[in-house]
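Residues per chain are reported as follows:
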Amino acid sequence: MFIVTPGCGTAPGLTGAPTGTARCGTPARRYNGTSVEKTFYIETFGCQMNAHDSEKVAGTLIAQGYRQVPTVEEAGYVFYNTCSIRDKAEQKVFNRLQPFKRHHEGKVFAVIGCVAQQEGEKIFERAPHVSLVAGSASYTKLPEMLVQLETGNKRVTGLSLDTEDTFDTPFTRRDNPHRAYITIIEGCDKKCAYCVVPFTRGPERSRTSASVLEEARRLADSGYTEIQLLGQNVNSYRDPSAAGWDFADLLDAVGGVPGIRRVRFTTSHPRDFVKRIIDAIDANPNLCNHVHLPVQSGSTRVLGAMQRLYTREKYMERIAWMKAARRPIAITSDIIVGFPGETEQEFQETLDLLDAVQYDSIFSFKYSPRPNTPALGLPDQISEEEKTRRLTMVQEKQRAIQIRLNADLVGQVEEVNVEGRNDALGLWLGRTSRNRTLGFLHPNGEPKVGEYLDIRVTRGGPNALVGEALPAGGNRSGVN
Ligand code: SAH
Ligand code: SF4
Ligand code: F3S
């Protein structure tokens, strides 16, 4: 779920840009009396929302005549799209911005994303060579901000969270020509006691269903077959137009767009997760049988202190819906250990919940105290050492579960979407509908990236499966 992606120099899937706007060898601009190349480098930290934001930022820059380059050294403008979900994530950007690095000379630095929104103008104090600080709600204003920079403004900020038009970014330079993100809802109205997102991304704003479907159709027309619907809490999606759709309605409709073979969505909040989502997955094979439903803790008392708005029992009710589905649904989760006041007994309840659910995979984290959040002031903070012990226990238990679940898949046939090749392993790589990585041999030729193939699973490890491609039209018994 968490990624660090340096941008690449090419522009596959540039959508919406007027023809001829993405130019190479663009002229240098004057900046503070120094010449700055109209080239940019962008590095992304954090979640899929940030990854997609970077695609929008890159598209906007390309449309303004900037050229994307793969290294900081080659760039006139350096963008860091930042994450502040945990302290470690936040520190990464300040490491990148350390002064006196040789490659800083003559470049314009921009800090965008969640750290930008959280720290605002304080970033200029910590890193005086930064010229632009902007949160995600201000990206539609980026062209104006760039003009300000190019005309010699030393410091430009975009920190308003009021904007209504975040979705109408007309330019997106997608990283992948087969799989595309679509934002359906921005911000978060939940107030989980540990979380910065409501501060860094502002209140919830849903996009109209017509606009989502229009983008999905446009993507299908240009060859995309997989779509991932994005939001901090997709389940609280409410169509602001007269149609008034909820998330289940939207999911069903996107799954029906001709040409789209896979639809994923992230992230789901258990409180707003309704059974109709499972009914939609059951009814439409284009909807991937994978649900990421972060639980955070197995203890109802801790969930209350976290302000998660559900109990362990309510959560398990949703798990029961998934286990009863017609197609086996992969269930994944996020876990936080060492929330302030979490007792050993309450921690054991989380371990016990892992046994009860049998997640296909999890992301697990040590609680990290964050600025402005209610949990910051709670008593009984757990020591770093203890948090490490609990995290290790969670990860060991989960590893054993995954080894077992993946071993159970040996002999099954899974459809994968081919993602590339791992030369070191000598295997092609694909992803199953249930979001597992499957490395495979292809005895009869070279598969194409983006192609869908049936693979028989021959081996299961803790984090991935290994298999062999079936001959076209081969025996699919055991498909699930
Ligand atoms: N909107 C999503 C999660 C977004 S953040 C949801 O509600 O599920 C992704 C994950 O980071 C969270 O699920 C949580 O497990 C983790 N996280 C968030 N804040 C954290 C903090 N302060 N310390 C440790 N982990 C945190
Ligand atoms: Fe953060 Fe909670 Fe909102 Fe998720 S639902 S983004 S954890 S406040
Ligand atoms: Fe990080 Fe912001 Fe996403 S804090 S997890 S990049 S919403």
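The rules behind these values
- Residues numbered from 1 in each chain as written.
- Chains lettered and ligands numbered in written order.
- Predicted model: local features only at pLDDT ≥ 70, side-chain atom pairs only at ≥ 80, totals over all residues.
- Heavy atoms only, no water.
- Helix = DSSP H or I, 4+ residues; strand = E, 2+ residues; numbered from the N terminus.
- Buried < 20%, exposed > 50% of the residue type's maximum accessible area, 1.4 Å probe, protein only.
- Contact = heavy atoms within 4.5 Å.
- Areas by Shrake-Rupley, 256 points an atom, 1.4 Å probe, with all protein chains shown as cover.
- Right-handed = clockwise from strand over helix to strand, strands pointing away.
- Pairing = 2+ DSSP bridges.
- Axes fitted to C-alpha atoms, helices over the stretch in contact; angles between N-to-C directions.
- Parallel < 35°, antiparallel > 145°, perpendicular 65-115°, else oblique.
- Left-handed = near helix turned anticlockwise from the far one by under 90°.
- Nonpolar A, V, L, I, M, F, W, Y, C, P; charged D, E, K, R; others polar.
- Near = heavy atom within 4 Å.
- Polar contact = N/O pair within 3.5 Å; in protein donor to acceptor, adjacent residues only side chain to side chain.
- Salt bridge = Lys/Arg side-chain N within 4 Å of Asp/Glu carboxyl O.
- Expected span 1.5 Å × (residues − 1).
- Phe/Tyr/Trp six-rings, centres within 6.5 Å; stacked < 30°, edge-to-face > 60°.
- Lys NZ or Arg CZ within 6 Å of the ring centre and 35° of its normal.

## A short note on the overall build of the chain
Counting its secondary structure elements, the chain contains 13 helices and 24 strands. Taken across its 480 residues, the chain has 55% of its residues classed as buried. At a minimum sequence separation of 6, the contacts of the chain that also span at least 24 residues come to 74%. As displayed, the chain has an accessible area near 19700 Å², and 52% of this comes from carbon and sulfur atoms.

## Focus: the pairing of strand β5 (residues 39-46)
Counting buried residues along β5, eight of its eight residues qualify, which places the element largely inside the surrounding structure. As for the winding sense of the linkage, the β-α-β connection from β5 through helix α1 (residues 48-63) to strand β6 (residues 67-68) is right-handed. Where β5 lies against strand β7 (residues 77-82), five bridges are found, and the strand directions are parallel. Bridging from a neighbouring strand, E43 pairs with Y80 of β7.

## Focus: the packing of helix α11 (residues 312-323) against helix α12 (residues 344-357)
When two helices pack together, their arrangement is captured by the angle between the axes and the distance separating the axes. Close contact between α11 and α12 brings their axes to 11 Å; oriented N to C, the two are set at 15°. It follows that α11 is roughly parallel to α12 by the angle criterion. Once α11 is placed against α12, the crossing between them reads as right-handed. Each of R312, Y315, M316, I319 and K323 in α11 lies in contact with α12, whose residues at this interface are E349, D352, L353, A356 and V357. The residue makeup of the contact of α11 with α12, split by class, is six nonpolar, no polar and four charged.

## Remarks on the packing of α12 against helix α13 (residues 384-408)
Relative to each other, α12 and α13 sit at 15°, their axes nearing to 10 Å. Judged on the interaxial angle alone, α13 and α12 are roughly parallel. In terms of crossing hand, the pair formed by α12 and α13 is right-handed. Contact residues: α12 offers E344, F347, Q348, L351, L354 and D355, while α13 offers E386, R389, R390, M393, V394, K397, Q398 and I401.

## A closer look at the site of ligand 1
Around ligand 1 lies a shell of 16 residues, among which Y194, Q232, Q296, D334 and S368 are the nearest. Residue D334 places a side-chain N or O atom 2.6 Å away from an oxygen atom belonging to ligand 1. Residue assignment for the shell around ligand 1 shows that the elements contributing at least two residues are β18 (330-337) and β19 (361-366).

## Observations regarding the sheet that holds strand β20 (residues 413-422)
With mixed pairing, five strands are arranged side by side around a closed barrel as β20-β21-β22-β24-β23. Between one strand axis and the next, the sheet turns by 55° as a mean value, whatever way the strands run. Where strand β22 (residues 437-441) and strand β24 (residues 465-469) come together, four bridges link them in parallel fashion. Counterpart to G439 in the pairing with β24 is V466.

## Brief notes about the sheet that holds β19
In space, the three strands of this open sheet follow the order β17-β18-β19, with parallel pairing throughout. Looking at which strands have only one partner, the edges of the open sheet turn out to be β17 (290-292) and β19. The sheet shows a mean angle of 10° between the axes of neighbouring strands, taken without regard to direction. Across three bridges, β17 lies against β18 in parallel orientation. Bridging across to β18, H292 finds its partner in T332.

## Description of the environment of R271
Position of R271 relative to the elements: it lies in the loop between β16 (262-266) and α9 (275-283). Its relative accessible area of 45% is what places R271 among the partly exposed residues. In contact with R271, not counting residues within four places along its chain, are K190, R308, L309, Y310 and R318. From its side chain, R271 meets the backbone oxygen of L309 in a polar contact 3.4 Å long.

## Description of the pattern of salt bridges
Pairing between side chains of opposite charge can happen when the charged atoms of each approach one another. For the structure shown, the criterion picks out 35 salt bridges. Its salt-bridge partner being E415, residue R262 comes within 3.8 Å of it at the nearest N-O pair. Placement of R262 in strand β16 and of E415 in strand β20 is noted, with a sequence separation of 153 residues between them. Under the relative-accessibility criterion, R262 is labelled buried at 2%. Three or more residues joined by partner-sharing salt bridges are found here, namely E342, E344, E386, R389 and R390.

## Quick notes on unusual backbone geometry
Look at the link from T266 to T267: it is a cis peptide, with omega at 5°. Unlike most non-glycine residues, N435 shows phi in positive territory, near 70°. Positionally, N435 belongs in the loop between β21 (427-432) and β22.

## Details of α9
For the α-helix, the turn length of 3.6 residues means that residues three or four positions removed from each other point alike. I277, I278, A280, I281 and D282 are the residues of α9 that are buried. On the buried face of α9, the contacting elements are α8 (247-255), β16, β17 and α11.

## Quick notes on the environment of L97
Among the secondary structure elements, L97 is positioned in the loop between α2 (87-96) and β8 (108-113). The exposure class of L97 is buried, given its relative accessible area of 2%. Considering only alpha carbons, one finds L97 and V111, 14 residues apart in sequence, at a separation of 9.4 Å. Among all residues touching L97, those that are not within four sequence positions of it are Y80, H104, F109, V111, A127, H129 and V130.

## Quick notes on α1
With 16 residues, α1 extends 23 Å from end C-alpha to end C-alpha; this agrees with the ideal 22 Å at 1.5 Å per step. Immediately beyond the C-terminal end of α1, within one or two residues, lies G65, with a positive phi of roughly 95°.

## Considerations on the packing of aromatic side chains
Scanning the model with the defined rule gives six aromatic pairs in all. Relative to F339, the ring of Y194 lies with its centre 6.4 Å away and its plane at 80°, an arrangement referred to as edge-to-face. Of this pair, Y194 sits in the loop between β13 (185-186) and α6 (197-201) while F339 sits in the loop between β18 and α12, and the two are 145 residues apart along the sequence. Comparing Y194 with F339, the two get one shared label, buried. An angle of 65° between the planes, with centres 5.2 Å apart, marks the rings of F247 and F265 as edge-to-face. Here F247 is found in helix α8, whereas its partner F265 is found in strand β16, with 18 residues between them in sequence. Here F247 falls in the buried class, since its relative accessible area comes to 2%. The positively charged end of R421 is found above the aromatic ring belonging to W428, 5.0 Å away from the centroid.

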